[in-house]
2 protein chains.
Amino acid sequence: MSEPKPRPGGRTARNREQVLTAVSAELAENGYDALTIDSVAERAGVHRTTVYRRWRNVGGLLADVIAAAGDLDWQPRDTGSLAGDLTALNEEIQESLLAEPSIASALIAVSFRSTEAAQGLARMWEDRYAQCEIVVERAVERGEIPADTDARALLIAATAPVYHCLMLLRTPPDPGLPERAAAGTALAARAGAFRGSPHTTRPSVS
Amino acid sequence: MSEPKPRPGGRTARNREQVLTAVSAELAENGYDALTIDSVAERAGVHRTTVYRRWRNVGGLLADVIAAAGDLDWQPRDTGSLAGDLTALNEEIQESLLAEPSIASALIAVSFRSTEAAQGLARMWEDRYAQCEIVVERAVERGEIPADTDARALLIAATAPVYHCLMLLRTPPDPGLPERAAAGTALAARAGAFRGSPHTTRPSVS
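Residues numbered from 1 in each chain as written. Chains lettered and ligands numbered in written order. Predicted model: local features only at pLDDT ≥ 70, side-chain atom pairs only at ≥ 80, totals over all residues. Heavy atoms only, no water.

An unreviewed UniProt entry lists chain A under the name TetR/AcrR family transcriptional regulator, with Nocardia coubleae given as the organism.

K.L.:
I keep staring at the pattern of salt bridges and nothing clicks. Help me out?
P.N.:
Think of it this way: side chains of opposite charge can pair up when their charged atoms draw near. Under the criterion given, the structure shown has 26 salt bridges over all chains. One salt bridge in this structure joins Arg43 of chain A and Glu29 of chain A, with 3.1 Å as the shortest N-O distance. With a gap of 14 residues between them, Arg43 of chain A in helix H2 (residues 37-44) and Glu29 of chain A in helix H1 (residues 11-30) connect regions that are remote in the sequence. Judged by its relative accessible area of 36%, Arg43 of chain A is partly exposed. A salt bridge links Glu26 of chain B to Arg43 of chain B; its shortest N-O distance comes to 2.8 Å. Taken together, the residues span a long stretch of sequence, with Glu26 of chain B in helix H1 (residues 11-30) and Arg43 of chain B in helix H2 (residues 37-44) at a distance of 17 residues. Judged by its relative accessible area of 9%, Glu26 of chain B is buried. In this structure, a network of salt bridges that share partners links the residues Glu26, Glu29 and Arg43 of chain A. (Salt bridge = Lys/Arg side-chain N within 4 Å of Asp/Glu carboxyl O. Helix = DSSP H or I, 4+ residues; strand = E, 2+ residues; numbered from the N terminus. Buried < 20%, exposed > 50% of the residue type's maximum accessible area, 1.4 Å probe, protein only.)

K.L.:
How should the packing of helix H4 (residues 58-71) of chain B against helix H7 (residues 115-141) of chain B be read in this particular structure?
P.N.:
When two helices pack together, their arrangement is given by the angle between their axes and by how far apart the axes lie. Residue and element names in this part refer to chain B. For the pair H4 and H7, the least separation of the axes is 8 Å and the interaxial angle reads 10°. Our classification of the angle between H4 and H7 gives roughly parallel. Every residue of H7 that contacts H4 at Gly59, Leu62, Ala63, Ile66, Ala69 and Gly70 is listed here: Glu116, Ala117, Gly120, Leu121, Met124 and Arg128. For the contact of H4 with H7, the residue count by class is seven nonpolar, three polar and two charged. (Axes fitted to C-alpha atoms, helices over the stretch in contact; angles between N-to-C directions. Parallel < 35°, antiparallel > 145°, perpendicular 65-115°, else oblique. Contact = heavy atoms within 4.5 Å. Nonpolar A, V, L, I, M, F, W, Y, C, P; charged D, E, K, R; others polar.)

K.L.:
Honestly, the packing of H1 of chain A against helix H6 (residues 103-111) of chain A in this entry has me stumped. Any pointers?
P.N.:
All names here are of chain A. Interaxial distance between H1 and H6 falls to 9 Å at its minimum, and their mutual angle equals 80°. As judged from the angle between their axes, H1 and H6 are roughly perpendicular. Counted together, Ser24, Leu27 and Ala28 of H1 and Ile103, Ala106, Leu107 and Val110 of H6 form the full contact between these two elements. The residue inventory of the contact of H1 with H6, partitioned by class, reads six nonpolar, one polar and no charged.

This is the structure in structure tokens:
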């Protein structure tokens, strides 16, 4: 097997973007059962052999959609307070889950059927929570919360209610939930609720 | 259409139990795609027309499995402290999600594909959280937490991290998580994190 010749600049990247956009749109509009290499290729306006060669199957496409979402140069907002930063984060999460169509909730649904999607999502969340640890570090530097606060436990406590209510309990969307979950977690953190867990493994802030 | 004649005492109930046990076992072992009226009837040792007549389709079977789980005379444990009660609750949840096979996590997975299952689960959770409000009422009576604590918000904050880590993030099971999430939420509640939300709609304790 020979390496494919390099394409003219940008062609491959453009193809990838078209294909991944088509996967997201197909998934959100028609669901997992309708997702095939052919439906994606047609929607993307890309030759089906191009899609087969690069992504092999639906699992490969899903894994790459999730990887591409994780590639984005995303950073949590810096609002000047822990409660504010966590509220901004929760509002982003709630918005992404309530978008119509919502690619985020479509991917979560698919993760219960595709091992590739489940593994891809797990990696993406791991990256996102790692990127969010700066929010906790800033709060420690400001003296808002104890220095031995377990960043990951705090971030999961703050965000889990939003996912839980929308994705599992399926309660009607509550516009106040992002702020309430954030404020409650910030108060708990100040009270020392996330101190000194054995899970504090991140290096100390330099 | 005539009403079916009453069966000899207990026959109908026995059939239902056999059928619902078979649904749970099929679902947990072979998944949703393998679930059919025929596979359930065969496993239950019940005639397929009996299953068709009573449950009509797979959606009807799933809704009844969930309804039966909600029928159980379940009560949250009374350990004498809010942190203890919430830990016991979280340990039950974690155990049910990690059981092999886990009917709870199979039903959650199915809820992303079957509207009946999604609605049934939403009702079951609503019932369970309502049953758990006594935990918060007891803590208020003991003077552990403020009287205007929003019971539902507290219960969701306590339990959401367990569901989030196991069902969505799919992080490796952490035996300390039930207790940590419970203790953190109890501390937050004492600090007033769940006070006086507009969502406090339950009647005052008499």
